[in-house]
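Observations on chain architecture
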Amino acid sequence: FNVRFASPLSDGGRAFYNYFLVDSMVTEGRKIYKIRFHPKRLTAPVLDGEVNIDSASYALQSASARMPKGVNVNWIRHLMLDNENRPADKGRWFRVRDRVSAEFSVSTADSSKLTSFIGTREVVYTDVRIGEPIPAEVIRMDNNVVIGDQGPESSKDEAFWESVRPYRLSDKEKGIY
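Residues numbered from 1 in each chain as written. Predicted model: local features only at pLDDT ≥ 70, side-chain atom pairs only at ≥ 80, totals over all residues. Heavy atoms only, no water.

**Focus: the pattern of salt bridges**
- Here the structure, examined in full by the defined rule, presents 14 salt bridges.
- Salt-bridge contacts for Lys34 lead to Glu50; the nearest nitrogen and oxygen are separated by 2.9 Å. Residue Lys34 is found in strand 2 (residues 30–39), and its partner Glu50 is found in strand 3 (residues 48–54); the two are separated by 16 residues along the sequence.
- When salt bridges that share partners are traced, they join Lys34, Arg36, Asp48, Glu50 and Arg66 into one network. (Salt bridge = Lys/Arg side-chain N within 4 Å of Asp/Glu carboxyl O. Helix = DSSP H or I, 4+ residues; strand = E, 2+ residues; numbered from the N terminus.)

What follows is the structure, encoded as structure tokens:
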């Protein structure tokens, strides 16, 4: 969106946010701190939400944030970010799920009317292996990684995608082509 949001986890985050320790809980045998953050002012692109921090490693376990009303970012009316991380191997944390949802509104030729649409992107990471050699079937082309030489994804049928997708699509997602 060509706009840089002030991160609540950055070194300068205290200049933009107020923080509140809401709770400490044990999840999957790990003590987690739930911290809420709220913007001090709406004059800069900021977020409002909460983070869950692992007490032993201070790693980000999960985050949920949204753009508060009153923040003016180009054509974005609503923005929501969700992130989930889990320990992988040797104490390193790795992203498990990343979801971004935004509502965009643009004016038409008749400036009294707005056209809006919603965009959503969700990425789920499974079978994470760190420090292992890259398999021979992985081909590198112009900084993109292509797995195998099986042709374009559009040639795959729906049964293939159902078998390799790590989660079930919602009815709404199934209706999107």
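**Re the sheet that holds strand 7 (residues 114–124)**
- As summarised here, the arrangement of the seven strands in space is 1-2-3-4-5-6-7, forming an open sheet in which the pairing is antiparallel. Of all the strands in the sheet, the pair left with one neighbour each is strand 1 (17–27) and strand 7. Taken pair by pair, the neighbouring strands of this sheet meet at an average axis angle of 10°, ignoring direction.
- Across 11 bridges, the pairing between strand 6 (residues 93–107) and strand 7 is antiparallel. Looking at the pairing, Val100 lines up with Arg121 of strand 7. (Pairing = 2+ DSSP bridges. Axes fitted to C-alpha atoms, helices over the stretch in contact; angles between N-to-C directions.)

**Focus: a nonpolar patch on the surface**
- A contiguous nonpolar patch, built from Phe94, Tyr125 and Val128 and spanning about 220 Å² of accessible area, is present on the exposed surface.
- The residue Tyr125 is located in the loop between strand 7 and strand 8 (138–141) in this model.
- Accessibility expressed as a relative area gives 32% for Tyr125, which makes it partly exposed. (Patch = residues over 30% accessible without salt bridge, like charges linked within 9 Å, V, L, I, M, F, W, Y side chains within 5 Å. Areas by Shrake-Rupley, 256 points an atom, 1.4 Å probe, with all protein chains shown as cover. Buried < 20%, exposed > 50% of the residue type's maximum accessible area, 1.4 Å probe, protein only.)

**Some thoughts on the side chain of Asn83**
- Looking at the element boundaries, Asn83 is found in strand 5 (residues 76–87).
- Side chain to side chain, Asn83 and Asn85 meet in a polar contact 2.7 Å long. (Polar contact = N/O pair within 3.5 Å; in protein donor to acceptor, adjacent residues only side chain to side chain.)

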